[in-house]
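Coordinate inspection notes
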Amino acid sequence: MVTVLGIPQKPQISGYSGPLREGGVAVLTCVSSGSKPAAQLRWNKGEKLLTGQPLEVSKDANGKTFTVTSQVEITVGKEDDGANVSCTVDHSSLQISEKSALQRLSVYSLRDLRIQLENSTANELSISIDNTTLADEGEYTCTIFTRPVRTAKAMVTVLGMSWW
């Protein structure tokens, strides 16, 4: 009896939308098609094995091979800044080599938890400061770690204090 194997395609990771705030959740999806029998997908963050959602398997249009999809949710901390998340295909046709995709995480944290990012677009950045005091007056600098690095400065003046 001869068994014909379908060699899975290199996996593709989607769903990452850029820098995440510390405590935010990255929801990543990994897809690989062309395998027979259906491949398995494995998630890692660095060397640590992650637990993803149950594998979804669907038949390809040719009716002979399969596409497999897996999703993982990662709550990020500041230690995850620069961490690599990988999705690896496990399949009997890949005994000598493996196929993986990488997604590098970018995590930012605010030193003062009273400061909240309200809006961030290409043309606007706005923040709010809870429980403002006179000590909050001064120059604020925001640095966005893109390529190239973007920096904006703003002067904050506290006009008065009110208690209610």
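Residues numbered from 1 in each chain as written. Predicted model: local features only at pLDDT ≥ 70, side-chain atom pairs only at ≥ 80, totals over all residues. Heavy atoms only, no water.

**Let's talk about the state of the cysteines**
Evaluation of the coordinates by the stated rule reveals 1 disulfide. A sulfur-sulfur distance of 2.0 Å marks the disulfide that ties Cys30 to Cys87. On the S-S bond that ties Cys30 to Cys87, the torsion sits near -85 degrees, and the link is left-handed. In this pair, Cys30 sits in strand S3 (residues 25-35) while Cys87 sits in strand S8 (residues 84-90), placing the two residues 57 residues apart along the sequence. For Cys30, a relative accessible area of 0% corresponds to the buried category. Given a relative accessible area of 0%, Cys87 falls into the buried group. (Disulfide = S-S within 2.5 Å. Helix = DSSP H or I, 4+ residues; strand = E, 2+ residues; numbered from the N terminus. Buried < 20%, exposed > 50% of the residue type's maximum accessible area, 1.4 Å probe, protein only.)

**Re the sheet that holds S3**
Spatially, S1-S3-S7-S6 is the arrangement adopted by the 4 strands of the open sheet, whose pairing is antiparallel. For this open sheet the edge positions go to strand S1 (12-14) and strand S6 (56-59), each flanked by a neighbour on one side alone. Between one strand axis and the next, the sheet turns by 20 degrees as a mean value, whatever way the strands run. (Pairing = 2+ DSSP bridges. Axes fitted to C-alpha atoms, helices over the stretch in contact; angles between N-to-C directions.)

**Side note on the domain arrangement of the chain**
Segmentation of the chain into domains returns domain 1 (12-108) and domain 2 (115-156). Look at where the C-alpha atoms of domain 1 and domain 2 centre, and you get two points 34 Å apart. (Domains from an automatic or database assignment.)

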